[in-house]
Amino acid sequence: MNEKFGTSFCPRSSLLHVLEMEQNGSVVNDWIEAYKQDRNVALLDLINFFIQCSGCQGMVTAEMIQSLHKKDVMRKMTETFDEDNEDYPLIRTGPYWKKFKANFCEFIAVLVQQCQCNILYDSYLMNAIISLLTDLADSMVRAFRHTSTLAAMKLLTAIVSVHLNLDVNKHNAQRLYEVEKKRISGKRTNYRLDQLDRKRKEYEHKLLEIQNMMNAIFKGTFLNRYCDVIPEIRATCIEEFGSWIKTYPDAFLNDNYLKYIGWMLYDKQAEVRLKCLLGLQGIYSRRELVSRMDLFTSRFKDRIVSMPLDKDHEVAVQAMKLLMLMNCEDVLSTEDCETLYQFVYTTHRPLAVAAGEFLYKRLLSREGDEEVQPKGGGKFGASTDQLKRLIHFFLESELHKHVAYLIDSLWDWAGKFLKDWECMTTLLLKNAEEDGEALSDAHESALIEIILATVREAAEGHPPVGRGAAKKILSVKEKKIQLEDCTKITEHFITVLPQLLAKYSTDAQKVANLLQIPQYYDLDVYSTGRLEKHLDALLRELKDIVAKHSDMSVLEASSRTYYILCSEEIAIYSQVDRARTQLIDELMGQLNQLLDGFWQKVSVTHCGDKQTMILPALQCTYFSLLWQLAAVSENPPKVDCDLWCLMETQGGTGMKSNMVSKSFFGFVCLIQTFVILCDWLLILTHQDSNNSKEAVGLLDYPPSTSLQEKLLLFIQEHVFMEEEGESKDLTEEEERKDESCKLDVLHRKRSLLAAYCKLIVYNVIEMTAAAEIYKYYVKTYNYFGDIIKETLSKTRHNNKIQSAKTLILCLQQVRLRLNSSSVDLSSASFTNMKELARRFSLTFGWDQVKSRESVAMIHKEGIEFAFQGATGVDGRCLPPNLSFLLIIIEFSNKLLKPDKRLVYAYLQRYIAEPLPCRGDEWQPLIWYRKSLLANEDEESSVLSSSREWSPVGTSKTSSFKRKLSNGMKTSLFWISCIYFVPAKMHFLLCISSTTVCWMLWTSQPELWFLPSALLLLKVSSSLNSSKVGLETLSEPNSDNLELCSVLSSGICLCP
């Protein structure tokens, strides 16, 4: 224990062992006995106990108590405290320290409990403890303040319990005194009466002492610390304050005390707000106390009603639970309740469940519902009323798409009536003639949505999407309930669903929802329960619905139902498959008849209605190809090349602009055609970034060059080409519609660009095609910048080098479009080109090592492009693209220093001969060289002459000789050291050599290798002189390894 505190305690500090041995009762008894013998010594032990529990290394001695004032004692303890270490026991984590805190609190409670019969009222012990804790609570040291505040709050809690016991004893003594007084009313004196009177007065005196203690702690500690800057201290005060109110409401449940907990509801820390709510829950849960909370409720109700919106989830949940308790006394208005009801739609499930409980108990489940007698002899009276109230709430909330959230919120509290599907379907099948209270159309639609949501919740057993991180893992009991619910759903809806479909067969929305129920069936029930006749009824209704409706949601739900029922593993497969085949044959016959009539009409009238056939025809072709692709995937060796030919034919034909008009419908057809074609290409020819053969598409036919050109041309015409719109004076309504139309067109353009960029990212078309897209990066950044940037990132992840070549190709194409050898460097077009290069450079980020190869490739390609056509008749003509060097300057800051020298060396190949220049024609080259030689010594020599350059070989040689002569003295010194020191000091020379290498590198880069190289020679010669062969060097020798490692580190320091 002492080691864990980091301090050594005196033998007298054995009280600390209580927190480890968990023997509070026996140790407290021993301490009480010691206190009775010598209270000063025992009290000193208790004082050191509180100080050392704070983590302080100091100790109070008897001499300090006698000679110093208590403030001086506290100052000395503060001085001995380690201010740099903010760690102390109460804030340490782990199970040990959690138990330490619990034992610390328990010790204080046991101490007060064991002392309440004698020494608690000696006017010495409690005065000393309260004074100590009050002084510690005012300390500037956080550890003292936190520990003493916790001790003081627990001390007051224990004293409150003593006060209650004394109050009960006093009341009993008073009653006995009154009884005894009446019994001896005729006598003057009585020994028992006097004894009871003394007992009563003793209790009154003790109560007065206890009240003084409570006031001292409350005023001395609580009032100063409940608003402390440390949130843990504030939370401790509020937590204990709530327990005082519940334990002793006669003293604390009044407005003078309640205001503190109300004020702390506005605290910035969630922990403090949470303690306030938990304390208030304990008060409002007792109905006898609520009547005394009227003023508090009226003052702080609005704050509590707003707290379910708290950013902390736990605070929001507890606030909702508190409001539910407050609502039991009808303190919330109708507007307050309507605000709280809406939390059933929140994404945080615990808060939604709490709001669901509030909604169920307040609105759905009213007193007397169970005793309601159903009208007309029915058996669903109570459930029907609850359903109607739920439907009314659902329609009033106007959040129809969130019915699954509503059902999930109510599931834990209203699961019984939400699973009453018999009541729901009976309510739907009622006729208005039979019962005047039949549902309206809106109520029927809402009830069908509720039925579907309850069926899904019961069958899946987990919250809807968006509410909950992952699917819930069901227990054995929950799985059993889930299977029982699925069986119940199947047995009920097998017979009822055909009737519902027949009743609502003309309503697309209702039918689409009802057709989703069979996917939750246990289909084996059809065969085991001999219910094939109901299956026939369902198939007949399905066939009738498909014939009546053209709504996509209905047709998709019908197809999904056929897919579910046509599982080959179940016994009803043949029956359903036969019905499905018959339906398809009938539909194909009708389609052929309609097509014949349509083409005859077109050939006679030559009308333009054929445009309306393009989009459905393309979709049918696409789905047909997908079905053929599924057949191909089952037998890969037999690849049907006609699929590819058909795809290219349809794609190339569909994108021809003359097939559709310039109307909005024609634009939609073009977009759909392009997206279908891109999806088809992606399915067939997709490859991963590593070009793995296993990941190659099903058809090993890349798109032809002509098709790729058409795709790119389509993007350029329909995405990046600016539309010229006439400026007209529009009304406010027309401007709103025009803005909405523009946003819709922008969304469609983004879809087109995203579809095309996916082809580039997944290697369907060549990466170089992205160069035509990248050139619009700056110009269209507000509209398509995110798509282009993501494409650039993905392609770089696939192939760094090829991506870099694509970027430089884009810049080269932009430069060639200027069509001039002498470009005006201040023109807008050249400035835009530099800005495009700067944006490209920013995409490489801060990690220069990661982008090292890519940036180097950009410089290499840029230099080659800049010097194209540089050699004339005399070999001295100005390169036409020299200004391109100003573009790739934007990438110079992304080069590492070694790479800058490599690029500079590569640049020198193109300017080895002296080149005369006039004016500022060669200025781009000068600036580019300056960007490569930044922070280098060579910079001064390079910039010394801007008119004429010397040959590179001569310049480098003279520079090397000059620096070699300047550093010769230093090198010779190290040579002498290396050759004339004993072999044992080679290790020290290695370290010195490393240092000199670095110094030479910073000042004379050409000489950095000399000390290490000479040292290596010396080591080699010493090894040879010692007759050390290759056999010895191959053995692991610590001296050799250490020497080699130091030499290597010295060389590596100078790249």
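An unreviewed UniProt entry lists the chain under the name Cohesin subunit SA, with Bubo bubo given as the organism. Recorded in UniProt under Function (unreviewed entry), the annotation for the chain is "Component of cohesin complex, a complex required for the cohesion of sister chromatids after DNA replication. The cohesin complex apparently forms a large proteinaceous ring within which sister chromatids can be trapped. At anaphase, the complex is cleaved and dissociates from chromatin, allowing sister chromatids to segregate." The UniProt entry for the chain carries the following text under Subunit (unreviewed entry): "Part of the cohesin complex which is composed of a heterodimer between a SMC1 protein (SMC1A or SMC1B) and SMC3, which are attached via their hinge domain, and RAD21 which link them at their heads, and one STAG protein."

Undergrad: Honestly, the side chain of Arg467 in this entry has me stumped. Any pointers?
TA: The residue Arg467 is located in the loop between helix H23 (441-460) and helix H24 (476-503) in this model. A distance of 3.1 Å separates a polar atom in the side chain of Arg467 from a polar atom in the side chain of Asp408. Engagement of the side chain of Arg467 in a polar contact is seen with the side chain of Ser409, the distance being 2.9 Å. Excluding residues that lie within four positions of it along the chain, Arg467 makes contacts with Val344, Tyr345, Thr346, Thr347, Arg349, Ala352, Tyr405, Asp408 and Ser409.

Undergrad: Honestly, the packing of helix H37 (residues 800-816) against helix H38 (residues 828-842) in this entry has me stumped. Any pointers?
TA: For any two helices packed against each other, one specifies the crossing angle of their axes together with the interaxial distance. The interhelical angle for the contact between H37 and H38, taken along N-to-C directions, is 175°, at an axis separation of 11 Å. The orientation of H37 with respect to H38, classified from their angle, is roughly antiparallel. For the pair H37 and H38, the contacting residues are Leu807, Cys810, Leu811, Val814 and Arg815 in the first and Met833, Leu836, Ala837 and Phe840 in the second. When grouped by side-chain class, the residues that make up the contact of H37 with H38 number eight nonpolar, no polar and one charged.

Undergrad: Explain unusual backbone geometry here, please?
TA: Glycine aside, residues mostly have negative phi, and peptide bonds are mostly found in the trans state. If you check the backbone angles, Ser123 has positive phi at about 60° while not being a glycine. Within the element layout of this structure, Ser123 appears in the loop between helix H7 (95-115) and helix H8 (125-137). A positive phi angle, near 60°, is found at Asn763, a position not held by glycine. Looking at the secondary structure, you find Asn763 in the loop between helix H34 (732-761) and helix H35 (771-774).

Undergrad: Just to check I follow, could you spell out the nonpolar core for this structure?
TA: One recurring pattern in soluble globular proteins is that nonpolar side chains are buried together. Ranked by internal contacts, the top residues of the largest apolar core, which has 188 residues, are Phe50, Leu155 and Leu280. Beyond its immediate sequence surroundings of up to four residues, Leu155 is in contact with Ile108, Val112, Met126, Ile129, Ile130, Leu133 and Ile217. Counting 73 residues, the second-largest nonpolar core is a separate cluster that includes Ile760, Ile765, Phe844 and Tyr928.

Undergrad: Any chance you could explain the environment of Leu933 here in plain terms?
TA: Looking at the element boundaries, Leu933 is found in the loop between helix H42 (923-932) and helix H43 (938-942). Considering only alpha carbons, one finds Leu933 and Arg901, 32 residues apart in sequence, at a separation of 7.7 Å.

Undergrad: In this structure, what is going on with the packing of helix H13 (residues 255-263) against helix H16 (residues 294-306)? I would like to understand it.
TA: Packing of H13 against H16 leaves a shortest axis separation of 10 Å and a crossing angle of 25°. Considering the angle they form, H13 stands roughly parallel to H16. For the crossing formed where H13 meets H16, the hand is right-handed. Only Leu295, Phe296, Arg299 and Phe300 of H16 make contact with H13, whose side of the interface consists of Asp255, Leu258, Lys259, Ile261, Gly262 and Trp263. Split into classes, the residues belonging to the contact of H13 with H16 amount to six nonpolar, one polar and three charged.

Undergrad: In this structure, what is going on with helix H33 (residues 705-720)? I would like to understand it.
TA: Because an α-helix completes one turn every 3.6 residues, residues spaced three or four positions apart along the sequence face the same direction. In this model H33 runs 21 Å from its N-terminal to its C-terminal C-alpha over 16 residues, within 8% of the 22 Å that 1.5 Å per residue would give. Those residues of H33 that sit buried are Leu707, Gln708, Leu711, Leu712, Phe714, Ile715, His718, Val719 and Phe720. Buried residues of H33, seen end-on, are gathered within an arc of 155° and therefore sit on one face of the element. In H33, those exposed residues whose orientation departs by more than 90 degrees from the buried face are Thr705 and Glu709.

Undergrad: For this particular structure, what's the right way to read the side chain of Asp420?
TA: As for its position among the elements, Asp420 is in the loop between helix H21 (403-418) and helix H22 (421-429). Of the buried charged residues, Asp420 lacks a salt bridge, with Lys488 as the closest side chain of opposite charge at 6.1 Å. At a separation of 3.3 Å, a polar atom in the side chain of Asp420 contacts the side chain of Ser383.

Undergrad: Please clarify how helix H4 (residues 39-53) should be interpreted in this entry.
TA: Here H4 contains 15 residues, and its C-alpha end-to-end distance of 21 Å stays within 8% of the 21 Å for a straight helix at 1.5 Å per residue. For H4, a buried count of 12 out of 15 residues is recorded, marking the element as mostly surrounded by other parts of the structure. Ala42, Leu43, Leu44, Asp45, Leu46, Ile47, Asn48, Phe49, Phe50, Ile51, Gln52 and Cys53 are the residues of H4 that are buried. The backbone nitrogen of Asn40 lies 3.3 Å from a side-chain oxygen of the residue at the head of H4, namely Asp38. Gly55 sits one or two residues past H4 and shows a positive phi near 90°.

Criteria and thresholds
- Residues numbered from 1 in each chain as written.
- Predicted model: local features only at pLDDT ≥ 70, side-chain atom pairs only at ≥ 80, totals over all residues.
- Heavy atoms only, no water.
- UniProt positions renumbered as here; feature names shortened; annotations may be inferred.
- Helix = DSSP H or I, 4+ residues; strand = E, 2+ residues; numbered from the N terminus.
- Polar contact = N/O pair within 3.5 Å; in protein donor to acceptor, adjacent residues only side chain to side chain.
- Contact = heavy atoms within 4.5 Å.
- Axes fitted to C-alpha atoms, helices over the stretch in contact; angles between N-to-C directions.
- Parallel < 35°, antiparallel > 145°, perpendicular 65-115°, else oblique.
- Nonpolar A, V, L, I, M, F, W, Y, C, P; charged D, E, K, R; others polar.
- Core = buried A, V, L, I, M, F, W, Y, C linked by side-chain atoms within 4.5 Å.
- Buried < 20%, exposed > 50% of the residue type's maximum accessible area, 1.4 Å probe, protein only.
- Left-handed = near helix turned anticlockwise from the far one by under 90°.
- Expected span 1.5 Å × (residues − 1).
- Arc of directions from axis to C-beta.
- Lys, Arg positive; Asp, Glu negative; His and termini not counted.
- Salt bridge = Lys/Arg side-chain N within 4 Å of Asp/Glu carboxyl O.

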